[in-house]
Structures are given as C-alpha cells and as structure tokens.
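What follows is the residue order along each chain.
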Amino acid sequence: MYRQEQFIQLISHRRILIAGYGREGKSTHALFQQLLPGEKFDIASNDQEIFDCLEQASANGTPYDLIVKSPGIPTMKFEGRCSLDTITSQTNIFLQVFHDITLGVTGTKGKSTTTTLIHHVLSQTFPQRHVILAGNIGIPLFDIIPQLDSQSLVVAEFSCHQLENISRAPHIGILLNLYQEHLDHYHNYHDYQMAKMQLMLCQDTNDHCFYCADNPDLLALTQEIQAQTTSTLHPYTLDQALKSQLGTIPLQGNHNLSNIHVAQQATALLGVTPDQFSLALSTFQGLPHRLELVGTFHGITFYNDSISTIPAACIAALRALPSTHTLILGGFDRGIDYAPLGQYLSQQTTIGSLVFVGKAGERMLMEWKSQYPQAVSNCQVLVESDYSRIVSWCFQHTPAGSICLLSPAAASYDAFKNFEERGSIFKNLVCQYTPSL
C-alpha cells in the first residue's frame, strides 16, 4: 500500500473507537483490520452505543486515544462525554498522509458538480495519471487507498462534517460559497461556517485556496481569518468568469458559470491549459437532480432541481430558468430563514403557480403572506405533500410553453430517504403522467 508506514504510525498503539458504522465506519474498520490485523477496535453503531462506550472507558480509567467519528454524527453530542481533542475522522487521517496529492472542494451548494467536473477535466487531460474521485460524492476516502500510487491525484468533495475535525487540508482547496445549512448539526451558523473554513485554515505555505468573493458570508469570514492563514489565497468572481474564455458551457445558470471558472483556475495549477480545459468541458454532462432537464410534456418543460435544499439554491435556479411559471417548494423544516426567497419571489412577475410541500412549505406560505404578500397574492397556490397529486396539479396549472420547476429550498427527509429519491419520484411521475379524460 502506498505510504503504508506513514498511515500505520497514525493509528498503531492507540485505543480506538469507531463511532458510527455506516458506509464510512465500515470502510474505516476494514482498512484498520487490514493494516493492523492483531489490534482490537471498539465499534459503536448508534448514539446509545457510543455513549455506553465512552461511559465505560471513563469508568475504567481507559479513555480512548482516538475516536474516529463518522460524518453523520454531530460533534456536539460528544461534549462533556470525552476530550474533544481525541475526536478525529477518516478525512483527517487520510489528509495527514495524502494531502499533497489531494484537490478538495467544499461549499454549501455546487460542490458535487464542481468536484465531478474537475475529475472529468483531469482524467481527460492526463490519461496517464491515476485521477481518483472520492469523498462526500459517495466514495469513502479509505476505499481508494489501495488504488493510490506515486502517479495518483485525488479529487475529493468534502462536507462540513468531514472538514470540522481536520488538522491538515488538501494541497489545493476550493470554497464555493456559504449559506445557512445543517443547522441541526451545529450550535449556530458560525460553527457551521468555521467547519467549512478548515479547508483554508489547515493549509500550509505551499498550498492554494480558491474562494468566491461574490459570496458575502464567505468573503467576510475569509477577511476575518486571513491573518491566521498561511496558504496562497485566490479570490474569484462571477465578473471574472463572464470575461473568461471557457468554451461551450454545458450547464445553465451563472452559479454554474462561476463554478466552471474556478475549476479552470484550479486545474491550471496542475498544468491544464485553457484549450485542454475547454475540450474536456465540452464533453462534460451535469449530475442528476441539479437543474436537470426532465423533458417537455404536453407543451410544458419540467426541470428537476431536487438538490436545492436552501433558499439561495432555489434563487439560483430561478435566475437560470427565467421562464419558470410553476415552482414546487418545501419539505422538511430545519428552521432556515426563508425571508430572502420570499423577498425574491415578491419581485418576480413570471411565477404564476406555487406548490408548498411539508412543514417547510407551510411555514413559507404563512410567513410570506404576512411579510411578502406579493410573493403569493397573484399566484395559484397548492398546499400538498403527495407528489402524484402535485404533478397532476402542475400539468393542469402550467401553461404550455413555460417551465415547471422542482427546486424545493428544503431538505427531503420528512418524506424521502434523500433528495435523490425525491427527484427520481418527481421525474417518474412527470414522465408517466396521463391526463384524465
């Protein structure tokens, strides 16, 4: 295994608890067993098991040296139960060994598309190199370690949960944006922001970090912590993207244009020329559930943007699709501020039909009626959580020649496993719809 001794030094002769036993926890356990076959590792698959292990370790006077936490478990659950300094993660361990061959992307929105695009560009441009996609995209970092060699280059998507416990960041980092998200995992919005900012704070003098200066929260926080950073910072803007020569753009919306621009800038550090980038970009296909064209049925064009779980994502989708007449909003309510979206809709004249789904949809409608009445007063409104009824209503209330857009600005897990399931069900219902006679 490439750099095996460095990896073993980080985990050997330590009492270890693997906290969380989903995809990443199982990946961690499998690699640890492979590298240290004689060692014993404690495993806790849920909150209660974790608490029991920590309580027993404390009672026995044998605290854990390392707690390898899965991303889905909030760090705040460990407060008062153990030293937070013992908490680490698969991401942290991986980056301590392989940071120099890693390009990492994070942000509240756009990171999956940007990460996949960068991987596509590098794979197309450097077929002789071993370019590997991993991270929050659905591929645990430990799963790719057996594939790594001296020619490898890792392109990884990182969530806030993966970054919050790192001590070493990727050689090249990209911070796309910051918006309110995952407030159920953090004490406040600032804690969520600082989890993301570890991508910048944990870099070294030879590293590079790109950040979008158009995003107010990201710009303000970067200016606040800049004195603590040692890497080379590269601000970028949409205005720069609009002036750049990127070639054929396969994705809609200025937010995608901005992300494509930073992908070009970051890959240039690795030797990709503008012509090589443009050629690779021309063959890139966007990911499902991200402003995905479902098709035109009975004269109505449907788009699936189920990945939209915050107001800013919905606003970006509406700007990309100005002919939208019918908008489907709502889902699981995490307490996000929907005032910016209500204010934006109150200034639009093309939206004629609104669907409000779940508790988040109900709150949007209630708040906007009092705060931004123009957002809803001139629209046909449906409050409904059954997507079969929603799709049928949308066909009946969307004029031919216009767009029906699913861009919920809310999470999906009140009714679905994830945003992918929500988007897939929406697409299937649209494609299978038959008007009643």
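Note that this is a predicted model, so its numbers are computed, not measured.

**Comments concerning helix H14 (residues 339–346)**
Across the eight residues of H14, six count as buried, placing the element largely inside the fold. Those residues of H14 that sit buried are Ala339, Leu341, Gly342, Tyr344, Leu345 and Ser346. Check the buried side of H14 and you find it contacts helix H13 (311–320), strand S13 (324–330) and helix H15 (358–371).

**Focus on the packing of aromatic side chains**
Scanning the model with the defined rule gives 14 aromatic pairs in all. With centroids separated by 5.4 Å and ring planes inclined at 50°, the aromatic side chains of Phe32 and Phe41 adopt a geometry described as tilted. Accessibility assignment for this pair places Phe32 and Phe41 in one class, buried. Residues Tyr387 and Phe416 carry aromatic rings whose centres are separated by 5.6 Å and whose planes lie at 75° to one another, so their mutual orientation is edge-to-face. Here Phe416 lies in the loop between strand S16 (403–406) and helix H17 (419–432) and Tyr387 lies in helix H16 (residues 387–397), a separation of 29 residues in the sequence. Residue Tyr387 is classed as buried on the basis of its relative accessible area of 4%. Chaining the aromatic ring pairs together yields one cluster made of Phe297, Phe302, Phe395, Phe426 and Tyr433. In this structure, Arg81 is placed above the aromatic ring of Phe51, and the distance from its NZ or CZ to the ring centre is 3.6 Å.

**Quick look at the sheet that holds strand S15 (residues 380–383)**
Each strand in a sheet pairs with its neighbour through backbone hydrogen bonds, running either in the same direction (parallel) or in the opposite one (antiparallel). Sheet architecture is open: six strands sit in the order S11-S12-S16-S13-S14-S15, paired in mixed fashion. Strand pairing shows two members of the sheet lacking a second neighbour, strand S11 (292–297) and S15, which therefore form its edges. Sheet twist, expressed as the average angle between the axes of neighbouring strands with direction ignored, equals 15°. Sitting on the sheet, H15 touches S13, strand S14 (353–357) and S15, and the angle it makes with S14 is about 130°. Taken strand by strand, H16 contacts S11, strand S12 (300–304), S13, S14, S15 and S16, and its axis lies near 175° from that of S14.

**Thoughts on the packing of helix H5 (residues 111–125) against helix H11 (residues 254–268)**
Relative to each other, H5 and H11 sit at 40°, their axes nearing to 10 Å. Relative to H11, the element H5 is oriented oblique. The two elements H5 and H11 cross, and the hand of that crossing is right-handed. Note on element contacts: H11 touches H5 through Asn256, Asn259, Ile260, Ala263 and Thr267, opposite Thr113, Thr114, Leu117, Ile118, Val121 and Leu122.

Quick notes on the rules
Residues numbered from 1 in each chain as written. Predicted model: local features only at pLDDT ≥ 70, side-chain atom pairs only at ≥ 80, totals over all residues. Heavy atoms only, no water. Buried < 20%, exposed > 50% of the residue type's maximum accessible area, 1.4 Å probe, protein only. Helix = DSSP H or I, 4+ residues; strand = E, 2+ residues; numbered from the N terminus. Contact = heavy atoms within 4.5 Å. Phe/Tyr/Trp six-rings, centres within 6.5 Å; stacked < 30°, edge-to-face > 60°. Lys NZ or Arg CZ within 6 Å of the ring centre and 35° of its normal. Pairing = 2+ DSSP bridges. Axes fitted to C-alpha atoms, helices over the stretch in contact; angles between N-to-C directions. Parallel < 35°, antiparallel > 145°, perpendicular 65-115°, else oblique. Left-handed = near helix turned anticlockwise from the far one by under 90°.

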